[in-house]
Amino acid sequence: MVMHNKGDAHFPGYGKEVADWWGRCNQCSVITRKSNYTGCLEYPDCTQGVETIFCEFDGGHLYWPGKEVDPVEFFFRLL
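All values reported here derive from a predicted model rather than from experimental measurement.

Trainee: Would you take a moment to explain the overall build of the chain for this structure?
Mentor: Along its length, the chain carries 2 helices and 4 strands. Over its C-alpha trace the chain gives a radius of gyration of 12 Å, about what one expects of a compact globule, namely 12 Å for 79 residues. Reported as C-alpha extents along the three principal axes, the dimensions of the chain are approximately 35 × 25 × 20 Å. Counting the 79 residues in the chain, one finds 32% classified as buried.

Shown next as structure tokens:
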């Protein structure tokens, strides 16, 4: 799960670039689809059942993303 803010002027586009890299690394489909997590996209059909998700929210560099999504629940579900 990669989370990033749309308005991050210090690292514009960084979150999407990292998520795309993980999608390729996990051999997922290059066509993303809407995730069940608010504000997130998933990269489907990853190898070995891996989940790759990119979440993008409003806010800038100093705003911690993720209040919209509970990353602990995401990772706990994978256990």
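Trainee: Can you walk me through the sheet that holds strand 4 (residues 52-60) in this structure?
Mentor: Consider a sheet: its strands pair through backbone hydrogen bonds, and that pairing is either parallel or antiparallel. The 4 strands are arranged 1-4-3-2 in an open sheet whose pairing can be described as mixed. Since the sheet does not close on itself, it has two edges, and those belong to strand 1 (2-7) and strand 2 (33-34), each with one partner. Relative to strand 4, strand 3 (residues 40-43) runs antiparallel, the two being bridged by 4 bridges. Residue pairing in the sheet places Leu41 in a bridge with Phe54 of strand 4.

Trainee: Sorry, what's going on with the state of the cysteines here?
Mentor: Among covalent bonds in proteins, the disulfide is the one between the sulfur atoms of two cysteines. This model, assessed by the stated rule, comprises 2 disulfides. With a sulfur-sulfur separation of 1.9 Å, Cys28 is cross-linked through a disulfide to Cys46. Disulfide Cys28 to Cys46: torsion about the S-S bond roughly 100°, handedness right-handed. Highlighted residues: Cys28 in the loop between helix 1 (14-25) and strand 2 and Cys46 in the loop between strand 3 and strand 4, separated in sequence by 18 residues. Using a relative accessible area of 12% as the deciding quantity, one classes Cys46 as buried. Across a sulfur-sulfur distance of 2.0 Å, Cys40 and Cys55 are joined as a disulfide pair. Because the torsion about its S-S bond is 105°, the bridge between Cys40 and Cys55 counts as right-handed. Pair noted here: Cys40 is in strand 3 and Cys55 is in strand 4, with a separation of 15 residues, a long-range link. Assigning the bonded cysteines of the chain consecutive numbers by sequence position, one obtains the connectivity 1-3, 2-4.

What counts and how
Residues numbered from 1 in each chain as written. Predicted model: local features only at pLDDT ≥ 70, side-chain atom pairs only at ≥ 80, totals over all residues. Heavy atoms only, no water. Helix = DSSP H or I, 4+ residues; strand = E, 2+ residues; numbered from the N terminus. Rg over C-alpha atoms; globule rule 2.2 N^0.38 Å. Buried < 20%, exposed > 50% of the residue type's maximum accessible area, 1.4 Å probe, protein only. Pairing = 2+ DSSP bridges. Disulfide = S-S within 2.5 Å.

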